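Breakdown of the fold
So you can see what is in the structure, the chains are spelled out below.
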Amino acid sequence: MLAYLRSKRVGVTRDEEGRYLARGFLDDDIYSLTLEVAVSPEDATIAALEGHWLRYTTPDCPRAVSLLAEAVGLSLKDPDFVNRVHKVVGRRACRHFANLLLECCDCVLRAMAAAEGREAEFHPAPAAEPPPASAPAAGPVRAPASTGPAPWERELPPAPQGFYLDLHVHTAPASPCASSSLEEIVAEAKRIGLDGICLADHNHLWPAAAVAEMRRRYDFLILRGNEITTAQGDMLVFGLEQDIEGIVTLEELRHLVDDAGGFLIAAHPFRGFLVVGGDELGLAAEEAARRPLFSLVDALEVMNSKVTPNENRFAAQVAQVLGLPGTGGSDAHQAEEVGLFATRFPVRIDDERDLVAALRRGGYRAVAFRREKGLTG
Amino acid sequence: MAHLLCFSRCRTTAVEELSPQRLRSTCHLIDHRLEARVWIEVPLPGLEIEAVGCRLERGLEEVAEQAEARLQKVRGVRVGPGLRKILPGLIGRRPPWDELAFMVEECCQGVILTLTRRELARAPLQPEDSREHFAEMVRKNIRLYNRCAAFAPGSSLVEGLEPPQADGSA
């Protein structure tokens, strides 16, 4: 028995002016829509775009149609074209129109290549691209915490009033999705009374000297971390002095973090688990805790401002089942989000080595920092 | 003048309920250059890809063996956020691997839309009745706010709602 069926059909022709015209039709159990795209042959830009709904879900879905025109002018040959379509059409208008637009444009590119005798570009020799890195051979991947390099083991001065760090902060331009600069982030973090922030830009390792200089300039604790995308989801990593490019498996990352004596936290581990129907799948915390990835992390992020309250609560329940500590971080992408959540440590932290030592030592907890401090903006 | 097609494509994604706890999603592509089929199997409620496979029938025969090996890398990936980054990262970003990665993504979208369909089956048919249903859906999953034109500021479905986490209440 089929539970769902989607069909897409695209045909490409050329008009009298030589423009490529793609007509697409998407029809599935939920939506039905059509799209007509005209592409200029000279620069491969979208010259015109028109869409129509045949079936849709919400009473306000028709608002999407007039917004499709914002994609006019985009170049199909822009290396970032797919992301631009998802942003301009998918986010502002409708992701189903974006899906069909990408299908239409891919067909136009292939038609153009055929007309220009460049079809081979789509079919390079099999060895043209090396396969993505493989996971290391199977075997024990998680070193006991006690075997970590000695420099990370250190006594830290107590902080009776708590030491508040936002462990998950993004900055522009290091994270393309962020909109506030480090300077703006730091100014806001100081204003609301955080003791420090951790930079967790996506697969971006800040140079130690540059961050030390900023720490001096702003007279504020700025620590280096990294949010690394793995096949099993995003991971917050502290203490790893290595740029990670592309997608690695969590096993690979675990090896690297162990070798560096660092600390690895599953970021927003249930983001998207409970949206649109997902919350009715009946996933129990005990069952979720058996996901293989949790045997490879040191802690779970249980407070993150980019997930729903239910997803945060569920992450906290799973952390409890696992007996793993929970951390808090805003996942701020703009200054006003810094400190929505943070981690309260019982010790003072002055640098990254302190941070890893404090994370290993435990005794910390995730907090809704702004709310606890009575801050709303 | 005959307006002949210079390129044509059909792509179908079908999701089958193998059991109450297991879905198989298959993407079938046929166009002037290629014909291929990619499938994934995911258990409910975990939604982590447990099995994946392909049949490359035309235009990709030379890479069939490599394709199978690359596809196996997605086992363990959860159907959820981040797939557009994770799948090409594991399978490959350049032709012909980008097409295979997209086919897996389409399979995953099929799984997500299967769950969405179940939810939407409960929505009232009349617009005046369904408005509150969808407004409640956004309230429940505030991340939907501003994710598309229907849920953007100015839409009647998000009237009175605050942007996500503006008060730190998540």
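Residues numbered from 1 in each chain as written. Chains lettered and ligands numbered in written order. Predicted model: local features only at pLDDT ≥ 70, side-chain atom pairs only at ≥ 80, totals over all residues. Heavy atoms only, no water.

Residues at a pLDDT of 70 or more form 95% of chain B, whose mean pLDDT is 89. Our summary of model confidence lists the complex with pTM equal to 0.86 and ipTM equal to 0.93. (pLDDT = per-residue confidence, 0-100.)

Residues and elements named next belong to chain A. Ordered by their spatial adjacency, 5 strands build an open sheet running S8-S9-S10-S11-S12, and the pairing between neighbours is mixed. Each end of this open sheet is capped by a strand with a single partner; those strands are strand S8 (226-230) and strand S12 (326-329). For this sheet, the mean inter-axis angle between neighbouring strands, taken without regard to orientation, is 40°. Taken together, the 4 bridges between strand S11 (residues 299-304) and S12 define a ladder with parallel strand orientation. If you follow asparagine 304 over to S12, its bridge partner there is glycine 329. (Pairing = 2+ DSSP bridges. Helix = DSSP H or I, 4+ residues; strand = E, 2+ residues; numbered from the N terminus. Axes fitted to C-alpha atoms, helices over the stretch in contact; angles between N-to-C directions.)

As a further point, take unusual backbone geometry. A negative phi angle is the norm for most residues apart from glycine, just as the trans form is the norm for most peptide bonds. A cis amide bond links leucine 44 of chain B to the next residue, proline 45 of chain B, at an omega of 5°. As for its position among the elements, proline 45 of chain B is in the loop between strand S3 (35-43) and strand S4 (51-58). Here the bond from proline 95 of chain B into proline 96 of chain B is cis, since omega is 0°, no more than 30 degrees from zero. Within the secondary structure, proline 96 of chain B is located in the loop between helix H2 (83-91) and helix H3 (97-120). The phi torsion at alanine 44 of chain A lies on the positive side, around 55°, for a residue other than glycine. With respect to the secondary-structure elements, alanine 44 of chain A resides in the loop between strand S3 (32-39) and strand S4 (46-55).

Residues and elements named next belong to chain B. Buried residues dominate H2, accounting for 7 of its 9 residues. Those residues of H2 not exposed but buried are Leu83, Ile86, Leu87, Pro88, Gly89, Leu90 and Ile91. At the C-terminal side of H2, glycine 92 shows a positive phi close to 140°. (Buried < 20%, exposed > 50% of the residue type's maximum accessible area, 1.4 Å probe, protein only.)

To continue, consider the nonpolar core. Counting residues in hydrophobic clusters, the biggest one holds 94 residues, and the most contacted among them are Ile46, Val89 and Leu101 of chain A together with Ile40 and Phe151 of chain B. Setting aside anything within four residues of it in sequence, one finds phenylalanine 151 of chain B in contact with Thr58 of chain A together with Phe134, Met137, Val138, Leu144, Tyr145, Asn146, Leu157 and Val158 of chain B. Among the nonpolar cores identified, the runner-up in size contains 29 residues, and Val237, Val248, Leu253 and Leu296 of chain A belong to it. (Core = buried A, V, L, I, M, F, W, Y, C linked by side-chain atoms within 4.5 Å. Contact = heavy atoms within 4.5 Å.)

Moving on, we get to the confidence of the model for chain A. Predicted confidence across chain A gives a mean pLDDT of 89, with 89% of residues reaching 70 or more. Long-range and interchain partners of residues 134-146 of chain A, a stretch whose pLDDT sits below 50, account for 22 contacts in this model, where long-range means more than four residues apart.

The next point concerns the pattern of salt bridges. Applying the stated criterion across every chain, the model contains 41 salt bridges over all chains. For arginine 370 of chain A, the salt bridge identified is with glutamate 188 of chain A, shortest N-O distance 2.9 Å. Placement of arginine 370 of chain A in helix H10 (residues 369-372) and of glutamate 188 of chain A in helix H4 (residues 182-192) is noted, with a sequence separation of 182 residues between them. Each member of the pair, arginine 370 of chain A as well as glutamate 188 of chain A, is classed as buried. Residues glutamate 241 of chain A and arginine 224 of chain A are paired through a salt bridge, measuring 2.2 Å at the closest nitrogen-oxygen approach. Placement of the pair is glutamate 241 of chain A in the loop between strand S9 (233-238) and helix H6 (250-260) and arginine 224 of chain A in strand S7 (residues 221-224), with a sequence separation of 17 residues. Assessed through its relative accessible area of 56%, glutamate 241 of chain A is described here as exposed. Where salt bridges share partners, they join Lys8, Glu103, Asp106 and Arg110 of chain A together with Arg9, Arg11, Asp31, Glu99 and Glu106 of chain B into one cluster. (Salt bridge = Lys/Arg side-chain N within 4 Å of Asp/Glu carboxyl O.)

All names here are of chain B. With respect to the helices and strands, glutamate 35 occurs in strand S3. It is arginine 58 that comes nearest to the buried, bridge-free glutamate 35 among opposite-charge side chains, at 4.0 Å. A distance of 3.2 Å separates the side chain of glutamate 35 from the side chain of histidine 28, its partner in a polar contact. (Lys, Arg positive; Asp, Glu negative; His and termini not counted. Polar contact = N/O pair within 3.5 Å; in protein donor to acceptor, adjacent residues only side chain to side chain.)

Right, let's talk about the environment of serine 330 of chain A for a bit. Residues and elements named next belong to chain A. As for its position among the elements, serine 330 is in the loop between S12 and strand S13 (342-347). Classification of serine 330 by relative accessible area gives buried; the value is 0%. C-alpha separation for the pair serine 330 and alanine 172, spaced 158 residues apart in sequence, amounts to 16 Å. The residues contacting serine 330, other than those within four sequence positions of it, are Asp166, His168, Val169, Asn304, Ser305, Lys306, Glu337, Val338, Gly339, Leu340 and Phe341.

This part covers the interface of chain A and chain B. Taken together, the 89 residues of chain A in the interface contact 85 residues of chain B. For the pair chain A and chain B, the two sides together bury roughly 7,300 Å², of which 54% comes from carbon and sulfur. In this structure, the connection of chain A to chain B is made through 8 salt bridges. Residues glutamate 106 of chain B and lysine 8 of chain A are paired through a salt bridge, measuring 2.8 Å at the closest nitrogen-oxygen approach. On inspection of chain A and its partner chain B, the count reaches 29 residue pairs in polar contact (both at pLDDT 80 or more). When contributions to the side of chain A that touches chain B are tallied by element, the ones reaching two or more residues are strand S1 (2-14), strand S2 (20-28), helix H1 (63-67), helix H2 (81-91), helix H3 (95-115), S8 and helix H8 (309-322) of chain A. Examining the composition of the side of chain A that touches chain B, we find that 13 residues originate from one element, S1 of chain A, more than from any other. Partitioning the side of chain A that touches chain B into residue classes produces 40 nonpolar, 23 polar and 26 charged. Judged from the 10 bridges that link them, S1 of chain A and strand S1 (residues 7-19) of chain B form a sheet pairing that is antiparallel. Bridge pairing in S1 of chain B places glycine 11 of chain A opposite serine 8 of chain B. (Buried area = accessible area lost by both parts, 1.4 Å probe. Nonpolar A, V, L, I, M, F, W, Y, C, P; charged D, E, K, R; others polar.)

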